[in-house]
Protein chains: 2
Amino acid sequence: MQNVYLSNYELNEAIDTYFERLGTINKSTEKINTWDGLGRVTAQPVYSLISSPHYNSSAMDGIATLSEKTFGASERNHIELIENKDYVVVDTGDPIPKEFDCVIMVEDLIRTGKNKVKIYNAAIPWQNIRPIGEDIVESQLIVPTNHKIRPVDIGAMIAGGVNEISVYKKPMVGIIPTGTELVEPGAPLKVGDIIDFNSRVFMSQVDEWGGIPKRYEIVKDDYDEIKSAVKRASKECDIVLINAGSSAGREDYTSSAISDLGDLIIHGVAIKPGKPVMMGIVNNKPIIGIPGYPVSAYFIMDIIAKRLINEYLSYKAQMPSTVMATLTRRVMSSLKYHEFVRMKLGYIGDKFVAAPLSRGAGATMSLVKADGVLEIPQHVEGLEAGTEVKISLMTKVSDIKNTIVCIGSHDPIIDTLSDMLHKNTGKYFLSSAHVGSMGGITALKNEETHIAPIHLLDMDTGEYNISYIKKYIPDKDICIIKCVKRIQGFMVRKENPLNIKDFTALQDKSIRFVNRQRGSGTRLLLDYNLKKLNIEPRNITGYQREEFTHLAVAAAVANDDADCGLGVYSAAILMGLDFIPVCNEEYDIAISQEYMEQPMIKELLSVLKSREFFDKLDELGGYDYSEAGKIIDVERG
Amino acid sequence: MQNVYLSNYELNEAIDTYFERLGTINKSTEKINTWDGLGRVTAQPVYSLISSPHYNSSAMDGIATLSEKTFGASERNHIELIENKDYVVVDTGDPIPKEFDCVIMVEDLIRTGKNKVKIYNAAIPWQNIRPIGEDIVESQLIVPTNHKIRPVDIGAMIAGGVNEISVYKKPMVGIIPTGTELVEPGAPLKVGDIIDFNSRVFMSQVDEWGGIPKRYEIVKDDYDEIKSAVKRASKECDIVLINAGSSAGREDYTSSAISDLGDLIIHGVAIKPGKPVMMGIVNNKPIIGIPGYPVSAYFIMDIIAKRLINEYLSYKAQMPSTVMATLTRRVMSSLKYHEFVRMKLGYIGDKFVAAPLSRGAGATMSLVKADGVLEIPQHVEGLEAGTEVKISLMTKVSDIKNTIVCIGSHDPIIDTLSDMLHKNTGKYFLSSAHVGSMGGITALKNEETHIAPIHLLDMDTGEYNISYIKKYIPDKDICIIKCVKRIQGFMVRKENPLNIKDFTALQDKSIRFVNRQRGSGTRLLLDYNLKKLNIEPRNITGYQREEFTHLAVAAAVANDDADCGLGVYSAAILMGLDFIPVCNEEYDIAISQEYMEQPMIKELLSVLKSREFFDKLDELGGYDYSEAGKIIDVERG
């Protein structure tokens, strides 16, 4: 039916095989002005051409004189010196005339006339003089070969008379987006169109790593077009990256194009994501087929394209920093692949905890949210919750320590809080995972989160949240930070075409419902009402279809994949839906008492009570914030 | 006689006072294409405008079908499906037609005819489908305000339909070099000229920190010219940096220019280096007078200019990383100033050691060599050797750990070794401090260095180096790595105009000698010969004048500051001097046995034995490398 992957190399073996075949990279050097050298890498050692200072100069403001003339001067025996006979006035940096050998600073002079001073201290030869070459001596090494130039190096090189330096040329990196389904950002979107964002990510990665990105036009899935694009790019560029077209799908012409034009050395590596990578050589240039899925692409770029650019720049990559962290959830892994798992880190109490993010290769947001990467070697089946693991960092440790971890129920206002906290403080972050109210309670109990937004109705008392905390986290001192009252209801398309009014409507098999995940407060709300009405969940079309956020449910309805779902008013309005209210509920934030004194939590509290936040709630609609920021100690009630 | 500093504010007080007066910075924002956003800072939260995927799409290559049609399929009960009736073929990313609700992947299909497949597993609704918004849901927060954009953010924003973003405008930073003595790099140099390199360093610092540097022509020390340059720059730029002209010297017009055009808020801060800084406001723009000395300028740029740029970008600076290190030498400090001391770090054994670099404000090389900064607060007199101190890092910890520390005698070939080691490995560095052979022995004894180049003649045995190690480091297992035999002699100007032939010539008072520092092998060689000839050191003109390297001695002779000095052949040749040989000596490298197995030491050994190194020695001249790389265990002899 279609091609299968040619190989399933182990990652390092594949890379070694490929780079061996590639041989020594043919790097070019160029001469540039020293002052344009920031971030460039020296191709030759830089030795100073002149000394700095290049003459003996005064280190002070004062007078240059001859030390012999000062011998015997003391507090009791002032010696008078005459300008132009015994001394000349010098400023810092001025040359010392040959006949003088020291400088007396202005603070140690007593002016006795227009051209006369008295001194009360003898001077030592060479005092307050910067001798020639004090800073840099001619012929001295300033920076070695293969040195990445910093601002201070530029200063020393120019001071050393070096105005031109030899650096490695930045490699030109060709980027060819392929795929009939690809459209440029901003083009009108049809179903089946995919916006080409990968090539723009590659461009900024290449830029960041020191290459020059050269993006080509999108190439359709046509063998001849792909072949001619690869041919052209391999002539114009030092490195060629071809995006997409490397799945095993029908449209896979890239591998044949590489084989026909040169050598396809590797096709398929036992890593996940990133498996369908191709590494080839055309026209003596490295050609990399980058998988189309953005997360696969990210890792292949990071592992292979970056290394190629570094080779051209003779720049040895730094190993990323790592931290040890405790896994909050079991992470399963395929025995067949070396897996790279994006991880969200939190610093809770005094330890790092790590939770796996979405594993999907298409999840660009998992890259935005990731703080680091957990590698699980081939032949390892997975890792249990509680395991101490090594995480390669993508974020600074200080940023992780400044992040409020928020695990629990979803509401669009969490995004608002996250934005306002960072905007107002510039320093603190709020990172949220939407696992439902019960998931939040569990995370709080297990010390995997700082805060847990929850909305859990106690059926017996009609009270929200508190009884759940007492029941599930009896041994911890927990507070409730009051947040908002919000309206839950049915989200339906505009004008409510199916005339859905209450839960009984869901019994109609032709009405497609979209549900929330188990453990979410909204799911509990549904189940509570179904039970009250004696409606069997299995009789509801779409009861099994689970989404993780109010917005995702609203999106399914807006797209006509479902006819209704349960969620908050603001999500319905954001998606242009109609809304049938069902009830009001209390959406609050549970937090361990011990974190209440942390500065970032205090900042969060002030956002919660701010006029700016209330204005945003009014804009979203459906929120009552009259108690926002009020703190209730659960123990004392 | 001239201005004195107006104030001696404590650093933080000065900054607080100034930024308070400055008030809220008037930052501008601009709209840019999302794909041009790398490194820019968001001025607004970025919410997705569309979902991604924006339609229900296949997560696999295979067929889209209706799950109901697959119910009952098993290994024993294959179900046949007909193309276009029961299914359509889909590739990864293809849309799912409305009538279907699942995808069966190609690996699970048995092709039974041109348009038929059999399946042996029932499908679950929504399996292998990426529902609309799986990655990004419309209206979801992608990145908050004040976020520095990374490549992955660009991908997610474009995927979320955001093609234009609002970011803070990069501030335009005017840089005005002032000083009648300043000349452009490359101009012919007269005595008294100073090459303007500071403004180029500022440009690259501004660039690195996210501003746009705008350098103005050099302005002479003329009040009206300076005033008009400041006036113009304050109109054209967001921040103005004026270099030099901020000493208390005659040429100090900058402070008056600022006062006359606006407000000079601070003039003088109790820090060292950096004391004569000015902070003013002209035309509502911050105007900073940066001291002329490059090291002072560096710290003022880092402390104040960087902060101003960050303000325009709403970017909160990260605190630099720090390490704890043991001071190898006492560091004295003035009670009057908060001092910033550049430090060289080494990782010796399993701990960091820190040595202060040259304290001179003019020492650009001390910035090139520095790995970090030690801050000594005002009112602290100094710190003793052995103190554990906190160092703010300028270098990566991994680079420090990959650095061979080399303390001891100087020879120009140390620069060659340093360059070749880094060039060949890309990874390892050699950093050298020139404190003489005896200084090297002490550093080795105290575990402050990995290697110590030495050339110490035992007067009794005529043997080099070994007896000194036995005597001074009796309790450590030390090796000698043989390096070179080199020729020592008198360096004199071309044609030897004063006809210097041997040590007796130094008795002539009119002959100006330039000496090496105490503890250097070359100084010991001189003293040994003077003693043998019964020449009194105090009768030698210039015996007191000490330089730290062969090159510095050669530079003094070349500049006619001295008539002769003692040093190696290669230094004389590099400086275009004549050379009168005195003796051959063995210049070797002493090292603790325990470091011999470190990979970086092994790399150094292979450089020492390489053809490339020998070729360079031949080029320099005066070296015999027949034993280079041979290892002698001092204990066994």
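Residues numbered from 1 in each chain as written. Chains lettered and ligands numbered in written order. Predicted model: local features only at pLDDT ≥ 70, side-chain atom pairs only at ≥ 80, totals over all residues. Heavy atoms only, no water.

- Going by the annotation in an unreviewed UniProt entry, the name recorded for chain A is Molybdopterin molybdenumtransferase, with Oxobacter pfennigii given as the source organism.
- Taken from UniProt, the Catalytic activity (unreviewed entry) comment for chain A reads in full: "adenylyl-molybdopterin + molybdate = Mo-molybdopterin + AMP + H(+)".
- Under the UniProt heading Pathway (unreviewed entry), the entry covering chain A gives this text: "Cofactor biosynthesis; molybdopterin biosynthesis." (UniProt positions renumbered as here; feature names shortened; annotations may be inferred.)

1. Some remarks on the relation of the copies chain A and chain B
Link 1 in the chain: Taken as rigid bodies, chain A and chain B are interconverted by a rotation of 180 degrees and an axial shift of 0.0 Å, the fit giving an RMSD of 0.1 Å. Considering both components of the superposition, the chain copies are consistent with a two-fold axis.
Link 2 in the chain: In this assembly, 99% of the residues forming the interface of chain A have copies in chain B that are likewise at the interface, indicating an isologous arrangement. (Least-squares fit on C-alpha atoms with pLDDT ≥ 70 in both. Contact = heavy atoms within 4.5 Å.)

2. Topic: unusual backbone geometry
Link 1 in the chain: Residue Pro-53 of chain A is bonded to the preceding Ser-52 of chain A through a cis peptide linkage, with omega at -5 degrees.
Link 2 in the chain: Following the sequence through the fold, Pro-53 of chain A ends up in the loop between β2 (46-47) and β3 (57-58).
Link 3 in the chain: For the peptide bond that leads from Lys-272 of chain B to Pro-273 of chain B, omega is -5 degrees, which places it in the cis range.
Link 4 in the chain: Within the element layout of this structure, Pro-273 of chain B appears in the loop between β19 (271-272) and β20 (278-282).
Link 5 in the chain: Positive phi, normally seen in glycine, also occurs at Asn-283 of chain B, with a value near 60 degrees. (Helix = DSSP H or I, 4+ residues; strand = E, 2+ residues; numbered from the N terminus.)

3. A look at a negative patch on the surface
Residues and elements named next belong to chain A.
Link 1 in the chain: A surface patch of negative charge is lined by Glu-10, Glu-13, Asp-16 and Glu-20.
Link 2 in the chain: The topology assignment puts Glu-10 in the segment before α1 (11-22).
Link 3 in the chain: Classification of Glu-10 by relative accessible area gives partly exposed; the value is 32%. (Patch = residues over 30% accessible without salt bridge, like charges linked within 9 Å, V, L, I, M, F, W, Y side chains within 5 Å. Areas by Shrake-Rupley, 256 points an atom, 1.4 Å probe, with all protein chains shown as cover. Salt bridge = Lys/Arg side-chain N within 4 Å of Asp/Glu carboxyl O. Lys, Arg positive; Asp, Glu negative; His and termini not counted. Charge placed at Lys NZ, Arg CZ, Asp CG, Glu CD. Buried < 20%, exposed > 50% of the residue type's maximum accessible area, 1.4 Å probe, protein only.)

4. Some thoughts on the packing of aromatic side chains
Link 1 in the chain: A full pass over the atoms with the stated rule returns 20 aromatic pairs over all chains.
Link 2 in the chain: Following the ring pairs from residue to residue traces out a cluster consisting of Tyr-298, Phe-299 and Phe-340 of chain A.
Link 3 in the chain: Just above the ring of Tyr-168 of chain A sits the side chain of Lys-27 of chain A; from NZ or CZ to the centre is 5.3 Å.
Link 4 in the chain: In this structure, Arg-545 of chain B packs its charged tip against the face of Trp-126 of chain A, placed 3.8 Å from the ring centre. (Phe/Tyr/Trp six-rings, centres within 6.5 Å; stacked < 30°, edge-to-face > 60°. Lys NZ or Arg CZ within 6 Å of the ring centre and 35° of its normal.)

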